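Residues per chain are reported as follows:
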Amino acid sequence: MKKTNTQDPTKLLFCPSYFYRFDKKQWEDNRPYPPYGTLYAAAVMRQEGYEVSFFDTHLRTNTQEIIPVLAFEKHLLRRKMPQSSFVIPTPPIILTNI
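Computed from a predicted structure; not experimentally measured.

Enquirer: How do you make sense of the overall build of the protein chain when you look at a structure like this?
Expert: What the protein chain contains, in helices and strands, is three helices and three strands. Taking all 98 residues of the protein chain together, the buried fraction comes to 27%. Look at the contacts in the protein chain between residues 6 or more apart in sequence, and 73% of them connect residues 24 or more apart. Carbon and sulfur atoms make up 58% of the accessible area of the protein chain, which amounts to about 7,200 Å² in all.

Enquirer: Any chance you could explain the nonpolar core here in plain terms?
Expert: Burial of nonpolar side chains together is a common tendency in soluble globular proteins. By size, the foremost hydrophobic cluster in this structure holds six residues: L12, F14, A42, M45, Y50 and V52. The set of elements that each furnish at least two residues to this core consists of β1 (11–14) and α2 (36–47).

Enquirer: Got a minute to help me understand a nonpolar patch on the surface in this structure?
Expert: Taken together, Y36, L39 and F54 make up a surface patch of nonpolar side chains, about 300 Å² in accessible area. The residue Y36 is located in helix α2 in this model. Taking relative accessible area as the criterion, Y36 reaches 59% and is therefore assigned exposed.

Enquirer: When you look at the pairing of β1 in this model, what are you seeing that I'm missing?
Expert: As a general feature of sheets, a regular strand has side chains that alternate between the two faces. Side chains K11 and L13 of β1 all project onto a buried face; the interleaved residues L12 and F14 project onto the opposite face, where all are buried too. Relative to strand β2 (residues 51–54), β1 runs parallel, the two sharing four bridges. Note that in β2 the partner of L12 across the bridge is V52.

Enquirer: Before we go on, may I ask you to explain unusual backbone geometry in this structure?
Expert: Peptide bonds are, in most cases, trans, and in most cases residues other than glycine have a negative phi. Positive phi outside glycine occurs at N30, with the angle close to 60°. Here N30 is to be found in the loop between α1 (24–29) and α2.

Enquirer: Hey, could you run me through the environment of E73 in this one?
Expert: Within the secondary structure layout, E73 lies in helix α3 (residues 67–80). A sequence separation of 61 residues divides E73 from L12, and the C-alpha atoms of the two residues are 9.5 Å apart. A distance of 2.7 Å separates the side chain of E73 from the side chain of K11, its partner in a polar contact.

Cut-offs used in this document
- Residues take numbers from 1 onward in each chain, read along the sequence in its written order.
- Where totals are concerned, whole chains, interfaces and linings use all residues; where local detail is concerned, this predicted model gives features only for residues with pLDDT of at least 70, and gives and counts side-chain atom pairs only at 80 or more.
- Heavy atoms from the whole structure form the basis of all side-chain values; hydrogens and water molecules are not counted.
- Only DSSP runs of H or I with at least four residues qualify as helices, and only runs of E with at least two residues qualify as strands; both kinds are numbered from the N terminus onward.
- Relative accessible area decides the class of each residue, using a 1.4 Å probe on protein chains only: under 20% of the type maximum gives buried, over 50% gives exposed, and in between gives partly exposed.
- The contact criterion used is simple: two residues touch if any of their non-hydrogen atoms lie within 4.5 Å.
- Computed with the Shrake-Rupley method and a 1.4 Å probe, the accessible areas treat only the protein chains shown as cover for residues.
- Residues belong to one nonpolar core when they are buried, are Ala, Val, Leu, Ile, Met, Phe, Trp, Tyr or Cys, and are joined through side-chain atoms within 4.5 Å.
- Patch membership requires over 30% relative accessible area and the absence of a salt bridge. Like charges are linked within 9 Å, and nonpolar side chains (Val, Leu, Ile, Met, Phe, Trp, Tyr) within 5 Å.
- For salt bridges, the criterion is a side-chain nitrogen of Lys or Arg within 4 Å of an Asp or Glu carboxyl oxygen.
- At least two bridges found by DSSP between two strands are what make those strands a pair.
- What qualifies as a polar contact is a pair of N or O atoms within 3.5 Å, subject to a donor-acceptor requirement within protein and to the restriction that residues adjacent in sequence count only when both atoms come from side chains.

Next up, the structure:
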């Protein structure tokens, strides 16, 4: 699964799908845990040669907080594209653990 095209602007954005604030029992317990599964998946893809970003949703207050992150990542992708390229970069792929 190694990435072979080093000029490809593919960038993966990983973010867990879990929000502590929406889980009353866990929020009251007040002992958050790291998103190990998502971090592990991001590490594997980085090891395979992909550029990887991570956005942690666990302690966020609103699901919409990822929107500026997506816009920023899209901006970074556009800056990496060669000027002569007419390819429109796609938004980052969001993988979440279920």
